[in-house]
Amino acid sequence: MAGANYASSEGVRVPSPRTMTRPDLAPFFEADAVAVIGASGDPSKVGGSVLANLKAGGFAGRLVAVNAARPVVQGLPAVPSILEVAEPIDLAVVAVPALSVLPTLKQCVTKGVRAAVVISAGFREAATRGARERPSCAPGCTRRRCAWSARTASVGCARRAG
């Protein structure tokens with residue numbers, strides 16, 4: 001049936017509430033500011049590799065290194081927490097151990113980070129606590145107007161929706 005997903009308002013087609021909307025992917029592909037949480041000075045580590053690749057690839061925006069133990073990472077000033085970054089962050093790359101992912105994502109939501117890419121492992125290995133925390137990511141983000149997409153043994157993304 002043509003137009004079934006639209007409601008008419010004086011001849012103007014307006015999407016009905018059931019119509020799916022497209023997420024804003026700009027924070028992923030057009031970020032002006034990227035924070036690497038778990039940044040490392042060692043490019044063989046995930047957080048170090050992401051930061052090194054952004055620098056080597058000529059990322060034109062602002063890079064923020066987040067490392068709780070070091071004040072400088074790969075020549076960039078580092079902050080111990082995403083909450084200590086004064087400027088807005090479009091995208092956070094979260095490269096922390098599995099059990100730190102949920103608290104880190106909660107900090108990103110509190111900070112107002114627009115999107116996050118999570119690169120982590122060890123949820124299955126930390127079965128006693130990790131298995132309980134993995135499902136709790138989605139409800140926590142839903143309450144904060146986030147979309148969460150993650151599967152076991154995959155990379156997950158959280159996007160703050162406005």
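What counts and how
Residues numbered from 1 in each chain as written. Predicted model: local features only at pLDDT ≥ 70, side-chain atom pairs only at ≥ 80, totals over all residues. Heavy atoms only, no water. Buried < 20%, exposed > 50% of the residue type's maximum accessible area, 1.4 Å probe, protein only. Helix = DSSP H or I, 4+ residues; strand = E, 2+ residues; numbered from the N terminus. Pairing = 2+ DSSP bridges. Right-handed = clockwise from strand over helix to strand, strands pointing away. 1 Å grid on protein atoms, 1.4 Å probe; cavity = no way out; pocket = protein on both sides within 12 Å on 5 of 7 lines; lining within 4 Å. Points joined across faces, edges and corners; volume = space filled by probe spheres on them. Nonpolar A, V, L, I, M, F, W, Y, C, P; charged D, E, K, R; others polar. Core = buried A, V, L, I, M, F, W, Y, C linked by side-chain atoms within 4.5 Å. Contact = heavy atoms within 4.5 Å. pLDDT = per-residue confidence, 0-100. Expected span 1.5 Å × (residues − 1).

A.B. asks: Help me understand the pairing of strand β3 (residues 33-37), please; the structure alone is not making it clear to me.
C.D. replies: Here is the key point about a regular strand: its side chains alternate between the two faces of the sheet. Of all 5 residues in β3, 5 are buried, a share of seventy percent or more. Burial of the side chains of β3 extends over both faces: A33, A35 and I37 are buried on one face and V34 and V36 on the other. Pairing geometry for β3 and strand β4 (residues 62-66), over 5 bridges, is parallel. From the neighbouring strand, A35 faces β4, where its bridge partner is V64. With helix α2 (residues 46-56) bridging β3 and the parallel β4, this β-α-β connection has right-handed handedness. Looking at chain direction, β3 and strand β7 (residues 91-94) are connected through 4 bridges and run parallel. Each residue of the ladder has a partner; that of V36, found in β7, is V93.

A.B. asks: Is there a simple way to explain the layout of surface pockets in this structure?
C.D. replies: Gaps left between atoms are located by rolling a probe of water-molecule size over the structure's atoms. In this structure, the second largest pocket spans a volume of roughly 180 Å³. Taken together, I37, G38, A39, V66, N67, A68, P80, S81, I82, V96, T104 and Q107 make up the lining of the second largest pocket. Each residue belonging to the lining of the second largest pocket can be placed in one class, and the counts come to 7 nonpolar, 5 polar and no charged.

A.B. asks: I keep staring at the nonpolar core and nothing clicks. Help me out?
C.D. replies: Where a protein is soluble and globular, its nonpolar side chains tend to be buried together. I37, I82, I89, A92 and V94 are the most contacted members of the largest nonpolar core, which has 17 residues in total. Broken down by secondary-structure element, the contributors of at least two residues to this core are β3, β4, β7, α3 (98-111) and β8 (115-118). Apart from residues lying up to four places away in sequence, I82 is in contact with A35, I37, V66, I89, Q107, C108, K111 and V113. Core analysis: the second largest hydrophobic core is formed by 15 residues, L63, L76, L91 and V117 among them.

A.B. asks: Help me understand unusual backbone geometry in this model?
C.D. replies: Phi is mostly negative for residues that are not glycine, and the peptide bonds are mostly trans. Although it is not a glycine, Q74 sits at a positive phi angle of roughly 50°. Structurally, the position occupied by Q74 is in the loop between β5 (72-73) and β6 (76-79).

A.B. asks: Quick question: what am I supposed to make of the confidence of the model for the chain here?
C.D. replies: Do not read the fine detail of predicted coordinates wherever pLDDT is low. Put simply, the chain has an average pLDDT of 76, and 61% of its residues get 70 or more. Ignoring residues within four places in sequence, the model shows residues 1-6, a span with pLDDT below 50, making 10 contacts including any to other chains. The low-confidence segment residues 142-159 (pLDDT under 50) makes 42 contacts with residues lying over four places distant or belonging to another chain.

A.B. asks: Which parts of the structure should I look at to understand α3?
C.D. replies: Three- or four-residue spacings in an α-helix give side chains the same orientation, since the helix completes a turn every 3.6 residues. The end-to-end C-alpha distance of α3, which contains 14 residues, comes to 20 Å, matching closely the 20 Å that a straight helix rising 1.5 Å per residue would cover. Buried within α3 we find A98, V101, L102, T104, L105, C108 and V109. G112, located one to two residues past α3, shows a positive phi value of around 90°.

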